[in-house]
Amino acid sequence: MKKLTRVLALTLVCALLLGATPALADWYKAPADLYELFPLDEPTVTLTCYSQLANYSGIQTGWSATLLKDLFNVEINIVPDQDGTYETRMASGNLGDLVVWGSNGDDYKKAVAAGMLFDWEEDWGDGKLMDIYAPYLAQNYTAALETNRTINSSVGVDKVLGFGHSVAFTTGAHQSFMYSWDIRWDLYKQLGYPDITDLDSLLAVFKQMKEICPKDDAGNETYAVSVWPDWDGTMVMYVKALASAYYGYDELAMGHYNPQTGDYYPALDDGSPYLEMLQFFNRLYRENLLDPNSMTQTYDNANEKLKNSGTFWSIFNYAGSQAYNTDAHMAAGKYMYSRVPDAATPIVYGLGDSGGNRIWSIGAKTEYPELCLAILDWLATPEGTMAINYGPRGLMWDYDAEGGMYFTELGAACNKDTKYDLSGVEWVSPYTGKSYTLSGNFNDGKIQINNTTLNVDFVNPDPESKKGETFNKDSWESYVTAVTYPIQEDWREWSGYTLADQYMEARGTDSYLVAPDVPYAESQKSTELEVKWSQVTTTITTYSWRCIFAKSDGEFNFHLNEMRKLCNQYGYADCVEWSKGEAAIKWALTCDMYDME
């Protein structure tokens, strides 16, 4: 690790490097000595980021690459988690410079126990390295950092090695509703707003929608929904997620967990939420309402079909309204927005200061711990959080004179169309005064590490933000009062509210389940259980897809029985016993933190 003498104070560094041009905005100052160690005029440093959450491989490109180059003189080489990547990097003894974990479970804990991650509290002169190069994190993320220490202590390592995602500095509130139950509102309106009480009546509405809209914008057949297998894990993702959207039960290990009672529902038990939703997807298929390519396509494929008006429904806002509601669609009277079945009680996740299970960390073998900490510190600030979501300040968004957040004209265009082409856009950095010509589209330019720092639904703590608005654009006065289209107004008239979250809240506190934020980390499995787990989960996902595409009740039951038989042979009972133990641990933490019984 570099050990250079600190010869310049923070104020002097900023005065020399950032303050030479009086007109520059004084928005962000690099940590002390960073540019003494890594001068901006030296050759660019390439940092490798192994990210278990990334869907991209290679050098980060686009506007975020320009921003990181300007601020830190770095480029990021992203290594996603493909088959064997984790094992190979562990065996090599070097995980990378930045390391982002999909969960705080087995993989993470093995790396901790093996000494593969950097200690953020390493001594540096008269202080800790984190205090110098990540001062915002050190001062504001104390609960999240201590939660990380507790997780590490479970494998005998009393150190801070990172922090979890989606942090808030307060507890008690909840995030926005990700499970928003978006449907094609224009088609629903055309049908006369029929009742949707439960899944049966929802399916009936889908059949009517297909009758009046049998073809998409490109002339292809329409379906109620198009799903994808990319994100399958212990269970088929969309099937288990529908149980969370309908009953409010969270996925946990090999089943579902009621976050308000602690009750646990193993995936293959008779009458389980998972099997109920598996049967619903089979009903969709047999009614020709499920895209027949769902088992083989990617998320991007499904998303393109949605954008072409090829599907009517999504339980997720990001795979529904957020992707579909472009200016072109809304101007044409097409719209996708929230219509929750009356009987549904979707889950919504609580805000908390302990951080989620997706961990930011630094590899123990990095040559650049100071630089890695400084980058993570910037990403953890309000300004960095806004950049993760919306792009560079000044270019894409800013604060108005009253302290409200707003999109610039360019930012609004990118918000409406994430594929907006930025080629040729000139950006003058407010940090260094350098000029850059951007390239690529907005979405491809977002940081492809694919993790978050501050929770998007947390009130922006930046002193410049003075209206109590969260990082979520849906809370911005400027965005809510923007010009709307008649089809949007129709939904607002029907619901009596402006936004989906307001409508969801107004359904009543007994119409959704809040999953409290607790510092839960999955326990390590024994080597023997890991083998059983792998065999059982592979069987569940494989045979679940066969059940979905069964052409009759008899075929569905045949595949279900085969799934159960094979899972029992592989050790399903042991997997369930371990899962129930995890549910008990999580419930005990919940009761302890929130005085629940």
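The structure we're discussing is the one just above.
Residues numbered from 1 in each chain as written. Predicted model: local features only at pLDDT ≥ 70, side-chain atom pairs only at ≥ 80, totals over all residues. Heavy atoms only, no water.

A. Inspection of the sheet that holds strand S8 (residues 179-184) at higher detail. If you trace the three strands from one edge of the open sheet to the other, you get S12-S8-S13, paired in antiparallel fashion. In this open sheet, the two edge strands, each paired with only one partner strand, are strand S12 (313-316) and strand S13 (336-338). Each neighbouring strand pair of the sheet contributes to a mean axis angle of 25°, computed without reference to strand direction. Bridge count between S8 and S12: three bridges; the pairing is antiparallel. Bridge pairing in S12 places Ile 183 opposite Trp 313. (Pairing = 2+ DSSP bridges. Helix = DSSP H or I, 4+ residues; strand = E, 2+ residues; numbered from the N terminus. Axes fitted to C-alpha atoms, helices over the stretch in contact; angles between N-to-C directions.)

B. The packing of helix H5 (residues 106-113) against helix H8 (residues 142-153), seen in detail. One can describe the packing of H5 onto H8 by two numbers: an axis separation of 10 Å at closest approach and a directional angle of 80°. When the interaxial angle is binned, H5 and H8 end up roughly perpendicular. Facing H5, whose interface residues are Tyr 108, Lys 109 and Val 112, H8 presents Asn 148, Ile 151 and Asn 152. Its residues placed into classes, the contact of H5 with H8 shows three nonpolar, two polar and one charged. (Parallel < 35°, antiparallel > 145°, perpendicular 65-115°, else oblique. Contact = heavy atoms within 4.5 Å. Nonpolar A, V, L, I, M, F, W, Y, C, P; charged D, E, K, R; others polar.)

C. Representation of the side chain of Thr 381 within the structure. Looking at where Thr 381 falls in the secondary structure, it is placed in the loop between helix H16 (369-380) and helix H17 (382-390). Classification of Thr 381 as buried rests on a relative accessible area of 10%. Within the local environment of Thr 381, its side chain forms a polar contact with the backbone nitrogen of Gly 384, the two atoms lying 3.0 Å apart. Excluding its chain neighbours within four sequence positions, the residues that come into contact with Thr 381 are Tyr 136 and Leu 454. (Buried < 20%, exposed > 50% of the residue type's maximum accessible area, 1.4 Å probe, protein only. Polar contact = N/O pair within 3.5 Å; in protein donor to acceptor, adjacent residues only side chain to side chain.)

D. Just the environment of Glu 582, in detail. Among the secondary structure elements, Glu 582 is positioned in helix H25 (residues 572-594). Linking Glu 582 and Glu 522, residues 60 residues apart in sequence, is a C-alpha distance of 7.0 Å. In this structure, Glu 582 is in contact with Leu 252, Tyr 520, Ala 521, Glu 522 and Ser 523, ignoring residues within four places of it in sequence.

E. Local environment of unusual backbone geometry. The phi angle at Trp 181 is positive, at roughly 55°, despite the residue not being glycine. The topology assignment puts Trp 181 in strand S8. Residue class for Trp 181 comes out buried when judged on its relative accessible area of 0%. Here the phi dihedral of Asn 450 falls at roughly 70°; this positive angle occurs in a residue that is not glycine. Its location among the elements puts Asn 450 in the loop between helix H19 (442-445) and helix H20 (477-480). Exposure remark for Asn 450: the relative accessible area of 42% places this residue in the partly exposed category.

F. View of the pairing of strand S3 (residues 74-80). In terms of burial, S3 is largely enclosed, as five of its seven residues are buried. Bridge analysis of strand S1 (residues 45-51) against S3 gives seven bridges, and the strand direction is parallel. Among the inter-strand pairings, Thr 46 is bridged to a residue of S3, identified as Glu 75. In terms of strand pairing, strand S2 (residues 58-59) meets S3 through two bridges, oriented antiparallel. Within the sheet, the bridge partner assigned to Gly 58 lies in S3 and is Ile 78.

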